[in-house]
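# Structural description and commentary
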Amino acid sequence: MIASKDRSGWFGASDVDKIVGNWNTKTWMDWWLVKMGVARNDIETVAMNAGTHKEHQILEYVSPFMETDKQIIIEPLRLRINLDGNVVKHIFEVKTHAAAKVFKPSKKHVQQVMVQMYGFETREADIVSYALAEEDYKNYFLPIDPDRLKYHPITYDERWIEAVFLPRITYLADCLIKGILPDRERRF
């Protein structure tokens with residue numbers, strides 16, 4: 001569970017879609033302004049709060065040996081990776097969703113976990129999804145229902161990390177350190 005809401009000056013694994021995505025959008029520019037410390041993004045929803053509050057309970061259910069909230073800092077990439085949980089060298093990334101919907105890890109989620117694997121120097125990771133029932137949004141302390149817990153193993157793609165992610169984050173980190181707007185037309 002992340003305590004600080006300040007996202008300026010650093011990139012996180014959850015920023016992967018902005019790092020490798022389309023830089024020519026208003027959404028991307030809004031994100032860059034947050035990274036530069038010029039703007040803030042303080043969006044909170046009931047679903048986000050429920051997921052945040054259930055995270056540790058889910059991880060404790062997965063393993064009594066779970067280490068939570070480990071942070072990895074990689075310079076000069078300005079990359080600050082916050083793991084939800086890990087057991088030795090196995091990462092667990094928690095994603096909650098409404099019980100009415102079937103969860104399938106998105107491309108962004110898979111890439112987020114691959115960046116975590118890169119930073120943690122491991123090739124073992126799962127996204128742990130948990131279906132939140134209506135009661136979970138009202139009471140964060142209800143016990144974990146194992147029937148609503150699913151594991152989604154993630155395969156590391158070294159070629160994608162080396163050819164796509166690292167060139168882009170290296171360039172963006174340089175721009176962030178210099179306090180300049182990246183060339184949004186740049187081709188890698």
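Note that this is a predicted model, so its numbers are computed, not measured.

Time to look at the nonpolar core. Grouped together as the largest cluster of nonpolar side chains are 37 residues, with contacts concentrated most on Phe11, Leu79, Val115, Trp160, Phe165 and Leu172. Elements supplying a minimum of two residues to this core: α1 (16-20), α2 (26-35), β2 (71-74), β3 (79-82), α4 (107-120), β6 (124-132) and α6 (158-178). At eleven residues, the largest contribution of residues to this core is made by α6. One finds Val62, Met66, Val128 and Leu132 within the second-largest nonpolar core, a separate group that totals 13 residues.

As a further point, take the side chain of Asp136. Mapped onto the elements of the fold, Asp136 is located in helix α5 (residues 134-138). Only 2.8 Å separates the side chain of Asp136 from the backbone nitrogen of Ala133, close enough to count as a polar contact. When near neighbours in sequence (up to four residues on either side) are disregarded, Asp136 contacts Ala50, Lys54, Tyr130, Ala131, Leu142 and Arg148.

With eight of its nine residues buried, β6 lies for the most part within the structure. In this fold, strand β5 (residues 90-98) hands off to α4, which returns the chain to β6; that crossover is right-handed. Inspection of the sheet shows β6 paired to strand β7 (residues 149-153) by five bridges, in the antiparallel sense. Among the inter-strand pairings, Asp126 is bridged to a residue of β7, identified as Pro153.

Reading guide: rules and limits
Residues numbered from 1 in each chain as written. Predicted model: local features only at pLDDT ≥ 70, side-chain atom pairs only at ≥ 80, totals over all residues. Heavy atoms only, no water. Core = buried A, V, L, I, M, F, W, Y, C linked by side-chain atoms within 4.5 Å. Buried < 20%, exposed > 50% of the residue type's maximum accessible area, 1.4 Å probe, protein only. Helix = DSSP H or I, 4+ residues; strand = E, 2+ residues; numbered from the N terminus. Polar contact = N/O pair within 3.5 Å; in protein donor to acceptor, adjacent residues only side chain to side chain. Contact = heavy atoms within 4.5 Å. Right-handed = clockwise from strand over helix to strand, strands pointing away. Pairing = 2+ DSSP bridges.

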